[in-house]
Amino acid sequence: MSKTVEIQIEKSRHLVEGLRKHLKGIGGGVTNEEISAMEQAVGELEAANAEVDRLRDELAPKVQQMSAVMARVKAAYAEKKKTLKGYYPQERWIDYGIPDKR
């Protein structure tokens, strides 16, 4: 759970709890319906955050896998580019998709 979201959920739950305890003493401006709506929104936030955490847990290994593949591709690219640059004159590099210039 994101620390920011966790803090907001905790603060909101405490506020709802305090509002429920002291609703009669507030003197207007806040209704039971509004408190219930806020409580429901906090519950929705908690559920959405749990879903995001689950998705992050699924995504992390896939990102690591992609990073490993990316490193292999970059290494192969650099190796092939170096080979082509050593074998062909600069004017021919563009034929192989190498836009570099010395």
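Focus: a nonpolar patch on the surface
Then, in step 1: A cluster of nonpolar residues, L59, V63 and M66, forms a patch on the protein surface that exposes about 290 Å² of accessible area.
Then, in step 2: Inspection of the secondary structure puts L59 in helix α3 (residues 32-87).

Structural notes on the packing of aromatic side chains
Then, in step 1: For the structure shown, the criterion picks out two aromatic pairs.
Then, in step 2: On the numbers, 4.8 Å between centres and 90° between planes, the contact of Y87 with Y88 is edge-to-face.
Then, in step 3: Judged by centre distance (4.9 Å) and plane angle (25°), the rings of Y88 and Y96 are stacked.

Looking at the pattern of salt bridges
Then, in step 1: Enumeration over the complete set of coordinates arrives at nine salt bridges.
Then, in step 2: Between R13 and E46 there is a salt bridge, with the nearest N and O atoms lying 2.4 Å from each other. Within this pair, whereas R13 is found in helix α1 (residues 3-21), its partner E46 is found in helix α3, the two being separated by 33 residues in sequence.
Then, in step 3: In this structure R13 comes out as partly exposed when scored by relative accessible area, which is 35%.
Then, in step 4: Among the salt bridges present, the one from K80 reaches E79, with a minimum N-O distance of 3.4 Å.
Then, in step 5: Taking relative accessible area as the criterion, E79 reaches 48% and is therefore assigned partly exposed.
Then, in step 6: Here the residues in one salt-bridge network are E51, R54 and E58, joined through shared partners.

Parameters and conventions
- Residues numbered from 1 in each chain as written.
- Predicted model: local features only at pLDDT ≥ 70, side-chain atom pairs only at ≥ 80, totals over all residues.
- Heavy atoms only, no water.
- Patch = residues over 30% accessible without salt bridge, like charges linked within 9 Å, V, L, I, M, F, W, Y side chains within 5 Å.
- Areas by Shrake-Rupley, 256 points an atom, 1.4 Å probe, with all protein chains shown as cover.
- Salt bridge = Lys/Arg side-chain N within 4 Å of Asp/Glu carboxyl O.
- Helix = DSSP H or I, 4+ residues; strand = E, 2+ residues; numbered from the N terminus.
- Phe/Tyr/Trp six-rings, centres within 6.5 Å; stacked < 30°, edge-to-face > 60°.
- Buried < 20%, exposed > 50% of the residue type's maximum accessible area, 1.4 Å probe, protein only.

It is worth stressing that arrangement in space is one thing and function is another; only the former is reported here.
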